[in-house]
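Structural characterization, general
In case you want the letters, here they are:
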Amino acid sequence: NFPEVLIVKHFFSRHLVIQAQVMNVNSSQTFQDDVRTLTDVAFVVAESSDEALLPTLQVPLKTLPPRATGSAWCVLAASPQRLDGTAFLASELRFTVLEVDAAGAPLTFVETNAPRYGRQFVEELQDMEIHHSEFS
């Protein structure tokens, strides 16, 4: 349940634009005071069941401060006339969690020989159904 994501689909004649509204909240009572900044938040269509819908562009969210909401976008080229009824899209939210010290400076994580800032996560989201009729 961290972060929360609301998916909004925008249909055009030859494109489908998916907006992932991301809320940087931690609803767990245990970690209520845990504040983290998210960086490089990307909504990714990992797989499409139909070649009539193909991802062409991603617009990630560069930074999302604690308790803030922002949007990441994915544009798919659409050929509604070739869409056989219903297509299914498997999607993911990819992001880096940046922990900061009391002064707001990012903490460094060392997992190999090279230090880096933040920890990367990939969260699978629920599959989406896209119907031919939604394009009309």
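Everything discussed here concerns the structure shown above.
What counts, and at which threshold
- Residues numbered from 1 in each chain as written.
- Predicted model: local features only at pLDDT ≥ 70, side-chain atom pairs only at ≥ 80, totals over all residues.
- Heavy atoms only, no water.
- Helix = DSSP H or I, 4+ residues; strand = E, 2+ residues; numbered from the N terminus.
- Buried < 20%, exposed > 50% of the residue type's maximum accessible area, 1.4 Å probe, protein only.
- Contact = heavy atoms within 4.5 Å.
- Areas by Shrake-Rupley, 256 points an atom, 1.4 Å probe, with all protein chains shown as cover.
- Core = buried A, V, L, I, M, F, W, Y, C linked by side-chain atoms within 4.5 Å.
- Salt bridge = Lys/Arg side-chain N within 4 Å of Asp/Glu carboxyl O.
- Pairing = 2+ DSSP bridges.

1. Thoughts on the overall build of the protein chain
When you go through the protein chain residue by residue, the secondary structure sums to 0 helices and 11 strands. Each helix and strand of the protein chain, placed in order from N terminus to C terminus, yields the pattern β-β-β-β-β-β-β-β-β-β-β. Counting all 136 residues of the protein chain, 35% fall into the buried class. Considering only contacts in the protein chain between residues 6 or more positions apart, those separated by 24 or more positions represent 67%. Surface summary for the protein chain: the accessible area is close to 8100 Å², and the carbon and sulfur share equals 51%.

2. A short note on the nonpolar core
Core analysis: the largest hydrophobic core is formed by 27 residues, its most contacted members being Ile18, Leu38, Phe43, Leu53, Leu76 and Leu89. For this core, the elements supplying multiple residues, two or more each, are β2 (15-23), β3 (37-48), β5 (61-64), β6 (69-78), β7 (86-98) and β11 (128-131). Counting residues per element, this core draws most heavily on β7, which supplies 5 residues.

3. Observations concerning the pattern of salt bridges
Opposite charge on two side chains lets them pair, provided their charged atoms get close. Evaluated as defined, the whole model comprises 3 salt bridges. Notably, a salt bridge pairs Glu134 with Lys9, separated by 4.0 Å at the nearest N-O pair. Of this pair, Glu134 sits in the segment after β11 while Lys9 sits in strand β1 (residues 4-11), and the two are 125 residues apart along the sequence. A relative accessible area of 30% means that Lys9 is categorised as partly exposed. Of the charged contacts in the structure, one is a salt bridge between Arg94 and Glu92, with a shortest N-O distance of 2.7 Å. The class of Arg94 is partly exposed, set by a relative accessible area of 37%.

4. Some remarks on the pairing of β7
Direction of pairing for β3 relative to β7: antiparallel, over a ladder of 9 bridges. Following the sheet pairing, Leu38 is matched in β7 by Val97. As paired elements, β7 and β11 share 4 bridges and run antiparallel to each other. Looking across to β11, one finds that Thr86 is bridged to His131. Two elements, β7 and strand β10 (residues 119-124), share 6 bridges in a ladder whose sense is antiparallel. Bridging across to β10, Leu93 finds its partner in Glu123.

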